[in-house]
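Topology and contacts: notes
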Amino acid sequence: QRRVHGDEPKLQGMLSLVDAREEDGGFLAVPAVAQPHLAPYKARKERKLDLVAVPEDDPFLRQAEPVPMRAGSLLIWSSEIAHCNYPNRSNRFRMVQYIKMFPAPPAGSPELQKRAEAVREVLPLAVTPTPAQARRLGLEPYS
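Below, the structure is looked at part by part.

Structural notes on the sheet that holds strand β5 (residues 83-86)
- Sheet architecture is open: 3 strands sit in the order β3-β2-β5, paired in antiparallel fashion. Lying at the two open borders of the sheet, with one neighbouring strand each, are β3 (65-66) and β5.
- In this sheet, β3 lies alongside strand β2 (residues 26-29) in antiparallel orientation, the contact comprising 2 bridges. Of the residues in β3, the one forming a bridge with L28 is P66.

Shown next, in the form of structure tokens:
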């Protein structure tokens, strides 16, 4: 079963701004994920952002592999792949820029409304996005 946004899978990315060694914490991915294993967790999604919480002691996470990255590396993955971050066990900062890519949902669609609600929930009250930022965040439709 595929997780999709509208009819298209979401792509996500992470640009590493500094070298990220395995002990610096970072990205974990489960290769050849067994999607049925995640079904019970998907029923308890966190907030409205399609996050699936998996307990730290779940054997499923033992299949996860850390992905160290060199500064300037760009990692792109499908949101259908089970993934998460793991804690930093060093005294170095891990600095990355996250990127999310998917087609803009049609104006007035349930997908756009759901995204706008989720963004408003986490956007600080003191932040007033420009019209261009509001479109990119899904708060306003593209014309």
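What to know about the nonpolar core
- Counting 6 residues, the largest nonpolar core consists of L28, V30, F60, A64, A82 and Y86.
- If you look at the next biggest cluster of nonpolar residues, it comprises 5 residues, including F27, A29, M69 and W77.

Let's talk about the packing of aromatic side chains
- Counted under the stated rule, the structure contains 1 aromatic pair.
- Aromatic pair F27 and W77: ring centres 4.3 Å apart, planes at 45 degrees, arrangement tilted. Note that F27 is positioned in strand β2 and W77 in strand β4 (residues 74-78), a separation of 50 residues in sequence. The pair F27 / W77 is uniform in exposure class, with both members buried.

Points about the pattern of salt bridges
- Under the definition given, this model contains 3 salt bridges.
- With its nearest N and O atoms 2.9 Å apart, the salt bridge here joins R21 to D24.
- A residue is classified by how much of its surface remains accessible, and D24, at 1% relative accessible area, is buried.
- The residue R92 makes a salt bridge to D24 at a minimum N-O spacing of 3.2 Å. One end of the pair, R92, is in the loop between β5 and β6 (96-101); the other, D24, is in the loop between β1 (11-16) and β2, and 68 residues separate them in sequence.
- Among the charged side chains, a salt-bridge network with shared partners connects R21, E23, D24 and R92.

The rules behind the values
Residues numbered from 1 in each chain as written. Predicted model: local features only at pLDDT ≥ 70, side-chain atom pairs only at ≥ 80, totals over all residues. Heavy atoms only, no water. Pairing = 2+ DSSP bridges. Helix = DSSP H or I, 4+ residues; strand = E, 2+ residues; numbered from the N terminus. Core = buried A, V, L, I, M, F, W, Y, C linked by side-chain atoms within 4.5 Å. Buried < 20%, exposed > 50% of the residue type's maximum accessible area, 1.4 Å probe, protein only. Phe/Tyr/Trp six-rings, centres within 6.5 Å; stacked < 30°, edge-to-face > 60°. Salt bridge = Lys/Arg side-chain N within 4 Å of Asp/Glu carboxyl O.

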